[in-house]
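Spelled out, the chains give:
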Amino acid sequence: MTVESVKPEAPLAGGLREPPRAGGGVPVLGHGWKLVRDPLSFMSRLREHGDVVRLKLGPKTVYAVTTPALTGALALSNDFIIAGPLWESLEGLLGKEGVATANGPRHRRQRRTIQPAFRLDAIPAYGPIMEEEAHALTERWKPGETVDCTSESFRVAVRIAARCLLRGDYMDERAERLCVALATVFRGMYRRMVVPLGPLYKLPLPANREFNRALADLHLLVDEIVAERRASGQKPDDLLTALLEATDENGDPIGEQEIHDQVVAILTPGSETVASTIMWLLHMLAEHPEHADRVRDEVEAVTGGRPVAFEDVRGLRHTNNVVVEAMRLRPAVWILTRRAVRDTELGGYRIPAGADIVYSPYAIQRDPKSYARHLEFDPDRWLPDRVKDIPKHAMSPFSVGNRKCPSDHFSMAQLTLITAALATRYRFEQVAGSNDGTRVGITLRPHDLLLRPVPR
C-alpha cells in the first residue's frame with residue numbers, strides 16, 4: 001500500500017504553507033479505511049511525504065505530524081490540548097473529568113492530587129507488592145504447560161495497580177473481568193476513532209451490544225471498588241484515599257463523577273498499556289533467547305543467586321534496556337491526538353484553530369533517520385555511548401511536558417522486575433496455535449501469544 005501526496009499549496013499569508021494532502025482517500029471514510037486496513041504501515045509511510053500531512057478521517061481534516069522534533073514541539077506547546085479523535089473515542093471509558101482527558105486548571109489540580117503516589121521516593125513502598133506479584137507469576141506457571149500471555153499479563157498488571165494504588169484485595173475474578181472487558185472496549189474505541197460515524201454506533205448491532213456490555217462492566221467494577229472503600233471506613237495512605245479526600249478549586253470535596261473517572265484512569269489505561277508491554281516482553285524473550293540469557297546472567301550477578309528484589313532494579317542495566325527497546329519497537333500507545341486551541345504553526349505549516357493533529361509513536365520510534373538498523377531488536381542502542389546519537393523526542397514512551405505520564409517510574413520498575421523474574425526462571429517457546437502478529441486497537445498487543453515456559 002502506498003501513500004500518495006500532492007504538492008503543497010502556495011505559501012499563505014505570513015509565509016506559512018498549507019501541508020501536503022495524502023492521496024488515496026475514499027468517499028465518506030476518507031483515509032479512515034487505510035487506518036483500518038493497515039494502520040501501522042500507513043502512519044509509517046506518511047513521513048515520506050512531509051513533516052506535516054493532511055488526512056481526511058470521515059468528514060474531518062486531520063493533520064499528521066511525522067518527525068520527532070515536531071512531535072516534541074506539539075507536546076510542549078500551549079497551542080495544543082488533549083483532544084481529538086483518540087480522546088473523543090476514549091470518553092466513553094475515561095469520562096470527561098479524569099486526569100487523562102482534563103485540560104487547564106482542572107488537569108493541574110488533578111495532577112497535584114495524584115502526583116504524590118508516583119514520586120520517585122514513593123515507589124520503593126510498592127516494592128514488596130511488585131516482588132510478590134512478579135514471583136507469584138513465575139510460581140503459577142507450570143513447566144511445559146501452555147501460558148495464555150494475554151490473560152496472565154493483564155492479571156499481574158491489574159493486581160499490581162490495584163494493590164499498590166487502591167490498597168484493595170482485588171483477586172483474579174476481577175482481573176479476568178477487566179481483561180475481557182478491556183479487550184472488547186479498546187477494539188471498539190479504535191473503530192470509533194478512525195471511522196467517526198457516530199449515529200451508526202448507536203444501532204443495536206451485535207458488535208455495538210458487545211461493546212456496550214463490556215463498557216458497562218468496566219464502570220460497574222469501578223463503582224464496586226469505590227463503594228467497598230467507603231463502606232470499610234478505612235483510610236490507608238493510598239491514591240484512592242487521596243481522591244476521596246481531595247477538594248476542588250473552591251475547597252469543596254470533588255464530585256462523585258470525578259472520583260469515578262479518576263479511578264478509571266488509574267485502573268484501565270495503565271493496566272492496558274502495562275499488560276500490552278508485558279506481552280511484548282514475553283514475545284521478545286522467546287524470540288531473542290540470547291538477550292534472555294544476558295538478563296538471567298545480569299540478575300544472578302547482581303543478586304548472587306537469591307530471588308530478584310525491588311532493590312535490585314537500579315542495578316539491572318541490560319534488563320532495563322531490554323524493556324526500553326521492546327517499548328521502542330512495540331509501543332503499547334501507538335497513536336496520539338491533540339487539538340489546536342488557536343491559529344498557530346507547526347514546522348512552518350499553518351494549523352487552524354480547532355484542527356485535530358495525530359501522530360504515531362510507533363512510526364516515530366521506527367524511523368530509519370533516527371535509528372541505525374531501525375527494525376532490529378538491539379537493547380545495546382541504549383548504552384550511554386550510543387544513546388547520544390538518538391535524536392531528542394525520537395523515544396518518549398511516557399510523553400513529555402505537562403501530559404507526561406505520572407506513573408513512568410512506577411511502570412518501569414514493575415516491568416524491569418517482572419522481566420528479570422521471568423528470564424531468571426524460564427526460557428520461553430511459542431506453541432502451536434500461537435499468533436504473535438500485531439493486533440491493532442487503541443493499543444498494540446500480540447493477537448494471541450501462547451508460550452511454553454521451560455525451566456532453566
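The structure we're discussing is the one just above.
### Some points on the overall build of the chain
Here is step 1: Within the chain, the regular secondary structure consists of 16 helices and 12 strands.
Here is step 2: Residues classed as buried in the chain amount to 56% of the 456 residues present.
Here is step 3: A separation threshold of at least 6 residues defines the contact pool for the chain, and within that pool the share at least 24 residues apart is 71%.
Here is step 4: As displayed, the chain offers around 19300 Å² of accessible surface, 53% of which is attributable to carbon and sulfur atoms.

### A word on the packing of aromatic side chains
Here is step 1: All chains considered together, the criterion is met by six aromatic pairs.
Here is step 2: Judged by centre distance (5.8 Å) and plane angle (80 degrees), the rings of Phe-118 and Phe-410 are edge-to-face. Here the residue Phe-118 occupies a position in the loop between helix H5 (104–114) and helix H6 (127–140), and Phe-410 occupies one in helix H16 (residues 408–425), the gap between them amounting to 292 residues.
Here is step 3: Look at Phe-118 and you get buried, because its relative accessible area is 7%.
Here is step 4: Its relative accessible area of 4% is what places Phe-410 among the buried residues.
Here is step 5: Ring centres 5.4 Å apart and planes at 85 degrees place the aromatic pair Tyr-126 and Phe-410 in the edge-to-face group. Note that Tyr-126 is positioned in the loop between H5 and H6 and Phe-410 in helix H16, a separation of 284 residues in sequence. Of the two residues, Tyr-126 and Phe-410, neither departs from the other in class, the shared state being buried.
Here is step 6: One aromatic cluster is present, built from ring pairs that chain together Phe-118, Tyr-126 and Phe-410.
Here is step 7: In this structure, Arg-17 packs its charged tip against the face of Tyr-349, placed 4.3 Å from the ring centre.
Here is step 8: Here Arg-328 stacks its cationic end above the ring of Tyr-371, 4.6 Å away from the centre of that ring.

### Describing the pairing of strand S8 (residues 356–359)
Here is step 1: Burial along S8 is two-sided: Asp-356 and Val-358 facing one way and Ile-357 and Tyr-359 facing the other are all buried.
Here is step 2: Here four bridges tie strand S2 (residues 60–65) to S8, and the two strands are oriented parallel to one another. Its bridge partner lying in S8, Tyr-63 is registered against Ile-357.
Here is step 3: Bridge count between strand S5 (residues 336–340) and S8: four bridges; the pairing is antiparallel. When the sheet's bridge partners are listed, Leu-336 is paired in S8 with Tyr-359.

### Regarding the pairing of S2
Here is step 1: Bridge count between strand S1 (residues 52–57) and S2: six bridges; the pairing is antiparallel. Residue pairing in the sheet places Val-52 in a bridge with Val-65 of S2.
Here is step 2: A loop of two residues connects S1 with S2, the two strands running antiparallel in sequence, and Gly-58 in this loop sits at a positive phi of about 60 degrees.

### Thoughts on the nonpolar core
Here is step 1: Core analysis: the largest hydrophobic core is formed by 90 residues, its most contacted members being Leu-282, Phe-410 and Phe-428.
Here is step 2: Take this core: its biggest share by element is 14 residues, from helix H11 (residues 256–287).

### Considerations on the pattern of salt bridges
Here is step 1: This structure, assessed with the given rule, holds 30 salt bridges.
Here is step 2: A salt bridge links Arg-109 to Glu-258, with the nearest nitrogen and oxygen atoms 3.0 Å apart. Here Glu-258 lies in helix H11 and Arg-109 lies in helix H5, a separation of 149 residues in the sequence. The same class applies to Arg-109 and to Glu-258, which are both buried.
Here is step 3: Residue Arg-296 is joined to Asp-297 by a salt bridge in which the shortest nitrogen-to-oxygen separation is 2.7 Å.
Here is step 4: Each of Glu-132, Glu-133, Arg-159 and Arg-163 takes part in one network of salt bridges that share partners.

### Some details on the environment of Thr-113
Here is step 1: Of note, Thr-113 is situated in helix H5.
Here is step 2: With 133 residues separating them along the chain, Thr-113 and Ala-246 place their C-alpha atoms 6.9 Å apart.
Here is step 3: The contact partners of Thr-113, leaving out residues within four places of it in the chain, are Leu-239, Ala-242, Leu-243 and Ala-246.

### Points about the side chain of Glu-325
Here is step 1: Among the secondary structure elements, Glu-325 is positioned in helix H13 (residues 317–329).
Here is step 2: Here the side chain of Glu-325 touches Arg-328 through a polar contact of 3.0 Å, side chain to side chain.
Here is step 3: Side-chain polar atoms of Glu-325 contact the side chain of Trp-382, separated by 2.9 Å.
Here is step 4: Among all residues touching Glu-325, those that are not within four sequence positions of it are Glu-376, Phe-377, Asp-378, Pro-379, Arg-381 and Trp-382.

### Some points on a nonpolar patch on the surface
Here is step 1: On the surface, Leu-200, Leu-203 and Leu-205 cluster together into a nonpolar patch covering about 260 Å² of accessible area.
Here is step 2: Assessed through its relative accessible area of 39%, Leu-203 is described here as partly exposed.

### Brief notes about the packing of helix H7 (residues 149–166) against H11
Here is step 1: Their axes nearest at 8 Å, the elements H7 and H11 cross at an angle of 140 degrees. Here H7 is positioned oblique relative to H11, judged by the angle of their axes. Judged by the twist between their axes, the crossing of H7 over H11 is right-handed. Every residue of H11 that contacts H7 at Cys-149, Thr-150, Ser-153, Phe-154, Val-156, Ala-157, Val-158, Ala-161, Ala-162, Leu-165 and Leu-166 is listed here: Val-263, Ile-266, Leu-267, Ser-271, Glu-272, Val-274, Ala-275, Ile-278, Met-279 and Leu-282.
Here is step 2: Here the residues of the contact of H7 with H11 sort into 17 nonpolar, three polar and one charged.

### Some details on unusual backbone geometry
Here is step 1: The backbone of Arg-373 sits at a positive phi, close to 45 degrees, despite the residue not being glycine.
Here is step 2: By relative accessible area, Arg-373 is classed as partly exposed at 47%.
Here is step 3: In this structure, Ser-399 is a non-glycine residue whose phi angle is positive, near 70 degrees.
Here is step 4: By secondary structure assignment, the location of Ser-399 is in the loop between helix H15 (384–387) and H16.

Calculation rules
- Residues numbered from 1 in each chain as written.
- Predicted model: local features only at pLDDT ≥ 70, side-chain atom pairs only at ≥ 80, totals over all residues.
- Heavy atoms only, no water.
- Helix = DSSP H or I, 4+ residues; strand = E, 2+ residues; numbered from the N terminus.
- Buried < 20%, exposed > 50% of the residue type's maximum accessible area, 1.4 Å probe, protein only.
- Contact = heavy atoms within 4.5 Å.
- Areas by Shrake-Rupley, 256 points an atom, 1.4 Å probe, with all protein chains shown as cover.
- Phe/Tyr/Trp six-rings, centres within 6.5 Å; stacked < 30°, edge-to-face > 60°.
- Lys NZ or Arg CZ within 6 Å of the ring centre and 35° of its normal.
- Pairing = 2+ DSSP bridges.
- Core = buried A, V, L, I, M, F, W, Y, C linked by side-chain atoms within 4.5 Å.
- Salt bridge = Lys/Arg side-chain N within 4 Å of Asp/Glu carboxyl O.
- Polar contact = N/O pair within 3.5 Å; in protein donor to acceptor, adjacent residues only side chain to side chain.
- Patch = residues over 30% accessible without salt bridge, like charges linked within 9 Å, V, L, I, M, F, W, Y side chains within 5 Å.
- Axes fitted to C-alpha atoms, helices over the stretch in contact; angles between N-to-C directions.
- Parallel < 35°, antiparallel > 145°, perpendicular 65-115°, else oblique.
- Left-handed = near helix turned anticlockwise from the far one by under 90°.
- Nonpolar A, V, L, I, M, F, W, Y, C, P; charged D, E, K, R; others polar.

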